[in-house]
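Structural overview for review
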Amino acid sequence: MTHVKICCISSPEEAQIAIKNGASALGLVGNMPSGPGIIEDSLIHQIAKTVPPPIATFLLTSETEASAIVSHYQKVHTTTIQIVDALEGREYTAIRNALPHVKLVQVIHVIDEASVQEAIEVSEFVDAILLDSGNPNLATKELGGTGRVHNWDLSRKIRESISIPLFLAGGLNKDNVRQAIDAVQPFGIDLCSGVRTNGILDERKLQEFFEAIAR
Ligand SMILES: O=C(O)c1ccccc1N[C@@H]1O[C@H](COP(=O)(O)O)[C@@H](O)[C@H]1O
């Protein structure tokens, strides 16, 4: 079974719609340099409180220092932290020591072969890797929510090279998700724009997406 994380959740109502349709995790996007799914930390906290176990809530943070990530988490209290940029000094241990009960997911933006090595190295420190299609090297960083797919051959290579769960994100929708699962065979998939219309979670698109996975 492929787990599904629905990202860019922006209200308790969207959270309930995603859960009702089969999501096992929800993404809540904190402050970012760019992207369509950003909400206030107070709203992230409010939504996270409404989500029952075993559904996971992911705080997406663009902070790059361990202490800032811990501070961000303390405003929202999700089950999981998704770090969407590179962590300075790879100080995962500092986050673990401060927040031993919180799962850590590191995003790797799949750009070229160097992304494979980065994923292998970082996988020693976190609970899961999430592959996305951003570009942290731009003047205004893109750290996700791009609606673009990336090179799934590299994603497959990463999945085969690490021994922790891998989520695949980046431009997934009902028309390409089956091909993506077959190509990469991830633990889970993650999407934002593919199930939205004018920025609002679209239940029909969500249903079609889950039907496409079940095929
Ligand atoms: O959605 C955003 O605003 C966002 C901003 C910065 C980092 C991550 C963001 N969202 C994540 O991006 C993936 C892929 O989005 P898409 O399906 O390509 O639109 C999404 O699942 C979120 O985890």
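The structure presented is a predicted model; accordingly, all values stated were derived computationally and were not measured.

Further remarks concern the site of the ligand. Taken together, 26 residues lie around the ligand, and Gly35, Gly37, Gly144, Gly145 and Ser193 are the ones closest in. Sorting the residues of the shell around the ligand by element identifies strand E2 (25-29) and strand E8 (188-191) as the ones contributing at least two each. Here the shell around the ligand is built from residues that sort into 13 nonpolar, eleven polar and two charged.

Once that is clear, we can look at unusual backbone geometry. Of note, the bond from Pro53 into Pro54 is cis; its omega dihedral lies within 30 degrees of zero at 10°. As for its position among the elements, Pro54 is in the loop between helix H2 (41-49) and strand E3 (56-61). Residues other than glycine seldom take positive phi values, yet Cys8 does so here, at roughly 65°. Tracing the chain through its elements places Cys8 in the loop between strand E1 (3-6) and helix H1 (12-20).

In this section: the environment of Ile158. With respect to the helices and strands, the residue Ile158 is situated in helix H6 (residues 152-161). Taking the C-alpha atoms as reference, Ile158 lies 23 Å from Lys141; in sequence the two are 17 residues apart. Not counting chain neighbours up to four residues away, the residues in contact with Ile158 comprise Val116, Ala119, Leu131 and Leu166.

Looking now at the sheet that holds E1. Where strands meet in a sheet, backbone hydrogen bonds hold them as pairs that are either parallel or antiparallel. Taken together, eight strands build a closed barrel; the order of strands is E1-E2-E3-E4-E5-E6-E7-E8 and the barrel is parallel. Averaged over all pairs of adjacent strands, the angle between their axes in this sheet comes to 25°, without regard to strand direction. Sheet topology note: the E1/E8 ladder contains four bridges and is parallel. Residue pairing in the sheet places His3 in a bridge with Gly188 of E8. Those strands touched by helix H3 (residues 66-76) are E3 and strand E4 (80-83), and its axis lies near 135° from that of E3.

Moving on: the UniProt feature "domain: N-(5'phosphoribosyl) anthranilate isomerase (PRAI)" (unreviewed entry) in the protein. In the numbering adopted here, UniProt assigns the feature "domain: N-(5'phosphoribosyl) anthranilate isomerase (PRAI)" (unreviewed entry) to residues 4-211. The span residues 4-211 is 35% helical and 20% strand by assignment, and the distance between its end C-alpha atoms comes to 12 Å.

Here the protein shows a mean pLDDT of 97. Residues at 70 or above account for 100%. Scored as a whole, the predicted complex attains pTM 0.96, and scored at its interfaces, ipTM 0.96.

The next thing to look at is the nonpolar core. Note on soluble globular proteins: their nonpolar side chains tend to be buried together. Ile6, Leu26, Leu28, Ile129 and Leu131 are the most contacted members of the largest nonpolar core, which has 60 residues in total. Once residues lying within four places of it in the same chain are set aside, the contact partners of Leu131 are Ile108, Val110, Ser155, Ile158, Leu166, Leu168 and Ala169.

Relative to the helices and strands, Met1 resides in the segment before E1. The class for Met1 is exposed, based on 8 C-beta atoms found within 10 Å. Note: C-alpha distance between Met1 and Val107 (106 residues apart in sequence) is 22 Å.

With that settled, the discussion passes to the packing of helix H5 (residues 113-122) against H6. Orientation of H5 relative to H6, taken along the N-to-C sense of each, is 25°, at an axis distance of 9 Å. It follows that H5 is roughly parallel to H6 by the angle criterion. In this structure, H5 meets H6 at a crossing whose hand is right-handed. For the pair H5 and H6, the contacting residues are Ser115, Val116, Ala119 and Ile120 in the first and Leu154, Lys157, Ile158 and Ser161 in the second.

As a further point, take the pairing of E3. Consecutive residues of a regular strand have side chains that alternate between opposite faces of the sheet. Burial of E3 is extensive: five of the six residues sit out of reach of the surface. Summarising the sheet, E2 and E3 pair through five bridges and their orientation is parallel. Along E3, the bridge assignment pairs Ala25 with Ala56. The handedness of the E2 to E3 crossover, carried by H2, is right-handed. Judged from the four bridges that link them, E3 and E4 form a sheet pairing that is parallel. Looking at the pairing, Leu60 lines up with Gln82 of E4. The β-α-β motif built from E3, the intervening H3 and the parallel element E4 has right-handed crossover chirality.

Parameters at a glance
- Residues numbered from 1 in each chain as written.
- Predicted model: local features only at pLDDT ≥ 70, side-chain atom pairs only at ≥ 80, totals over all residues.
- Near = placed C-beta within 6 Å.
- Helix = DSSP H or I, 4+ residues; strand = E, 2+ residues; numbered from the N terminus.
- Nonpolar A, V, L, I, M, F, W, Y, C, P; charged D, E, K, R; others polar.
- Contact = placed C-beta atoms within 7 Å.
- Pairing = 2+ DSSP bridges.
- Axes fitted to C-alpha atoms, helices over the stretch in contact; angles between N-to-C directions.
- UniProt positions renumbered as here; feature names shortened; annotations may be inferred.
- pLDDT = per-residue confidence, 0-100.
- Core = buried A, V, L, I, M, F, W, Y, C linked by C-beta atoms within 7 Å.
- Buried ≥ 20, exposed ≤ 12 C-beta atoms within 10 Å, placed from the backbone.
- Parallel < 35°, antiparallel > 145°, perpendicular 65-115°, else oblique.
- Left-handed = near helix turned anticlockwise from the far one by under 90°.
- Right-handed = clockwise from strand over helix to strand, strands pointing away.

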